[in-house]
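# Residue-level structure breakdown
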Amino acid sequence: MNLAAKNFPANARAALGDAQLQEALERLRGGFVEGRRQVVAKLPEFDALRGRAAEIRRHTLAHLDQYLVQFEERATAAGGTVHWCRDAGEARATILEICQAMDARLVTKGKSMIGEEIEINDYLEAHNIEPVETDLGEYIIQLRRELPSHIIAPATHLSKEQVAESFQEHHTDLDPVRPLAEPEALLAEARTLLRQKFLAADVGITGANFLIAETGTSVIVTNEGNGDLTQTLPRVHIVIASLEKVVPNLDDAATLLRVLARSATGQEISAYTTFSTGPKRDADMDGPNAYHVILLDNGRTDILAGDNAEILGCIRCGACLNHCPVYGAIGGHAYGTVYPGPMGSVLTPALNGLAGAHHLPQASSLCGRCEEVCPVRLPLPKMLRNLRFQAAETSAPGGVARLLVALWAFAARRPWLYRFGAGISLAWLSARGRKDGLLRSIPGLRTWTSRRDFPAPEGRTFMSQWKSGRRS
Amino acid sequence: MSRDHILARIGSALDAGGSSIAARKAGVAQRRGTPPTPIIPARAPADADGRADYFCARAEETSATTDRINRLSDLPVAINAYLDEYNRTGAIKAQPRAAFSDLDWAPLAVAFGPAADTDGIGLVLADGAAAETGTLFIMSGAEAPTALNFLPETLIAVLPLARLAGDYEGAWSILRAADGNEFPARTVNWISGPSRSADIEQRVLMGVHGPRNLHIILVAGDGV
């Protein structure tokens, strides 16, 4: 699979035929979707909390410069260092400089989508620093040199057999015939190996689920505790966060935390939520000596000025992926992007431009489930439509699509021609689908119908039925 | 300089939407002056006993185990019983605080200090807790090494009932009162159950990197 958004149609075709992937996607529906349904049913205030969460995100984005400056001021007062970075290159260079200044050889990493976005691992490797992902899923895909297929469950596309193969291939110091059939054995092996990395690391890099302006605090949410070992044991803790992660205060963070895990994994709360403010204090027994926060723009200020600024309210729970019929059918890799699914289809073109990503906003039935489950009520279908408009205005869609729309428009302006054309095609399609009312293939549209059935029309147009007196 | 560049771009994007820097400053000040009242789930009962029961029920849902004792001096016996019952072994490392070091631990051997990879069992005191999801709040400090919350295979947390709030907001208030000007501590850990992962085939397994077991012992009253 060629991981680029422009290859979306081919990737999606391959994904639909991948039996192992289809099994994995089925598990995702059982786990996250059902889990969310159950915990939401147990919290009568959930919808009110979503409304408040949406309000918090809107208010923060509308006052973004103020809250970022306040965050910087508080984080600095606590002894931290804030680095503003315009793009991925500047963020990578800043991180490398911090690592090199202390002769770092080994860097542990908590799970961070910004880390994926700026491809920090490749960059550190190229500069002879070993980056080790410590979230189990991220570790697995790092071994396999893959992109995450889901923003919160990066290895969800894999089977335990595939994980075992990767461990066999990479953990070459271990007995080659050790039993690895059960997930428990895989987990124990990862725990032992990564424990050594935690203890030896010079620098720990984490993302941030939130930055809190009032206190200059960064927040991470994990279930494994890997983020905590990553940021507690090494001498330096680097937080990488995009600009929009900031929220005003601790109470706002609590509100968002009440909807985050419930929407994401169907847990009432994740096992670990950690608030970090500056480096280790003088009296503290452990913790990093230095605390850096990378504030990354990388296209966010463009988004803020555009039609889809609301996407910056996203808190990366993944609910829109879990509930999306398109993501559910093809998985994350088919999108060919760091951020897949509905939020990714909005964010990717906004970050990287529509040119290479014009298929993504089309990869939606606009059924609206994403908006229904979004904990901050983002109007994802509306944003996808905005992008479709933009794509239509530019030359992004192919010539064939333009030609067909032009033909349709020509006919639609000439009722006699439209009725004539519609009459012929309906009669023809209806004849083809006479058996059970479904069309399994339509000449000229075989690509489309190879994966979908089309309901066959009744036989005559509304206009002709009306004329002949069939009015009921 | 990137900072000014980014802030200017944010400013012009927001200005284009009809805002102004003066309006934004006023908006932030206004919200700080009269913050919205948090929407707090009406979950945990208001009375102390009911709240403790609710906390335990939620904590057990996260696969933690719980126990209740009347006074801190009962702690060594309770821990000994827990270790026996669940057959937990390994060196015991406790936070180096008087509340723990003053206790008579025999026959258990307990060391006090920062966490080490060799510690099998960690013993920590919670600074606060929220019943709504069975969540412990633990601050870093001179007597509280953060790594001790994560390195041992089994974590035993002692929670004085006076530090148990119904909700997150209440637990923050308890920490704020205890921590004074230092608030918030370098690290505040919210802990809700043992370490877990569902990264392999969506099957939930315990003890990925942090503790495989979390045992919470509630002590009546202030306890310490």
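Residues numbered from 1 in each chain as written. Chains lettered and ligands numbered in written order. Predicted model: local features only at pLDDT ≥ 70, side-chain atom pairs only at ≥ 80, totals over all residues. Heavy atoms only, no water.

### Considering the sheet that holds strand E9 (residues 187–191) of chain B
Taken in spatial order, the 8 strands make up an open sheet running E8(A)-E5(A)-E6(A)-E9(A)-E9(B)-E6(B)-E5(B)-E8(B), and their pairing is mixed. Each edge of the open sheet carries a strand with a single partner, namely strand E8 (246–247) of chain A together with strand E8 (164–165) of chain B. Strand direction decides the pairing type here: strand E6 (residues 135–139) of chain B and E9(B), joined by 4 bridges, are antiparallel. In the strand pairing of E9(B), Phe137(B) is matched with Trp190(B). (Pairing = 2+ DSSP bridges. Helix = DSSP H or I, 4+ residues; strand = E, 2+ residues; numbered from the N terminus.)

### Notes on the packing of helix H9 (residues 160–170) of chain A against helix H10 (residues 183–200) of chain A
Packed helices, taken two at a time, are described by their axes: the angle between them and the distance between them. All names here are of chain A. Axis separation between H9 and H10 bottoms out at 10 Å; the angle between their running directions is 35 degrees. Here the hand of the crossing between H9 and H10 comes out left-handed. Contacts from Lys160, Val163, Ala164 and Phe167 in H9 reach Pro183, Leu186, Glu189 and Ala190 in H10. Residue composition of the contact of H9 with H10, by class: 6 nonpolar, no polar and 2 charged. (Axes fitted to C-alpha atoms, helices over the stretch in contact; angles between N-to-C directions. Left-handed = near helix turned anticlockwise from the far one by under 90°. Contact = heavy atoms within 4.5 Å. Nonpolar A, V, L, I, M, F, W, Y, C, P; charged D, E, K, R; others polar.)

### Quick word on unusual backbone geometry
Omega for the bond connecting Ala106(B) with Pro107(B) falls within 30 degrees of zero, at 10 degrees, which places this linkage in the cis form. One non-glycine residue with positive phi stands out, namely Asn298(A), at about 45 degrees. Within the element layout of this structure, Asn298(A) appears in the loop between strand E10 (290–296) and helix H13 (300–304). The phi dihedral of Gln202(B) falls on the positive side, at around 60 degrees, and the residue is not glycine. Within the secondary structure layout, Gln202(B) lies in the loop between strand E10 (196–197) and strand E11 (205–206).

### Focus on the domain arrangement of chain A
The domains assigned to chain A are domain 1 (43–300) and domain 2 (414–471). Taken over C-alpha atoms, the centre of domain 1 of chain A sits 53 Å from the centre of domain 2 of chain A. (Domains from an automatic or database assignment.)

### Looking at the interface of chain B and chain A
Contacts between the two partners involve 81 residues from chain B and, on the opposite side, 100 residues from chain A. Note on chain B versus chain A: buried area summed over both sides is about 7,400 Å², and carbon and sulfur give 56% of it. One can count 14 salt bridges joining chain B with chain A. One salt bridge connects Arg195(A) with Asp117(B), and the closest N-O pair in it is separated by 2.9 Å. Along the contact surface separating chain B from chain A lie 42 residue pairs in polar contact (both at pLDDT 80 or more). Elements that contribute at least two residues to the side of chain B that touches chain A include exactly helix H1 (2–16), helix H2 (21–33), helix H3 (48–61), helix H6 (168–179), E9, E10 and E11 of chain B. Broken down by element, the side of chain B that touches chain A gets its largest block of residues, 10 residues, from H1(B). Looking at chain direction, strand E9 (residues 272–276) of chain A and E9(B) are connected through 5 bridges and run antiparallel. Within E9(B), the position partnered with Thr273(A) by the bridge is Trp190(B). (Buried area = accessible area lost by both parts, 1.4 Å probe. Salt bridge = Lys/Arg side-chain N within 4 Å of Asp/Glu carboxyl O. Polar contact = N/O pair within 3.5 Å; in protein donor to acceptor, adjacent residues only side chain to side chain.)

### Observations regarding the packing of helix H4 (residues 64–77) of chain A against H1(B)
Where H4(A) contacts H1(B), the axes come no closer than 9 Å and their chain directions differ by 150 degrees. With respect to H1(B), the element H4(A) is oriented roughly antiparallel. Residues Leu64(A), Asp65(A), Leu68(A), Val69(A) and Glu72(A) of H4(A) form the contact with H1(B), whose own contacting residues are Arg3(B), Leu7(B), Ile10(B), Gly11(B) and Leu14(B). Counted by class, the contact of H4(A) with H1(B) contains 6 nonpolar, 1 polar and 3 charged residues. (Parallel < 35°, antiparallel > 145°, perpendicular 65-115°, else oblique.)

### Observations concerning the packing of aromatic side chains
Summed over all chains, the structure comprises 14 aromatic pairs over all chains. Ring centres 5.1 Å apart and planes at 40 degrees place the aromatic pair Phe275(A) and Trp190(B) in the tilted group. Of this pair, Phe275(A) sits in strand E9 while Trp190(B) sits in strand E9, each in a different chain. Each of the two residues, Phe275(A) as well as Trp190(B), counts as buried. Taken together, the aromatic side chains of Phe275(A), Phe137(B), Tyr168(B), Trp172(B), Phe183(B) and Trp190(B) make up a single cluster linked through ring pairs. We note Arg92(A) situated over the ring of Tyr123(A); from NZ or CZ to the ring centre the distance is 5.7 Å. The lysine or arginine in question, Arg58(B), covers the ring of Tyr54(B), its NZ or CZ lying 4.7 Å from the ring centre. (Phe/Tyr/Trp six-rings, centres within 6.5 Å; stacked < 30°, edge-to-face > 60°. Buried < 20%, exposed > 50% of the residue type's maximum accessible area, 1.4 Å probe, protein only. Lys NZ or Arg CZ within 6 Å of the ring centre and 35° of its normal.)

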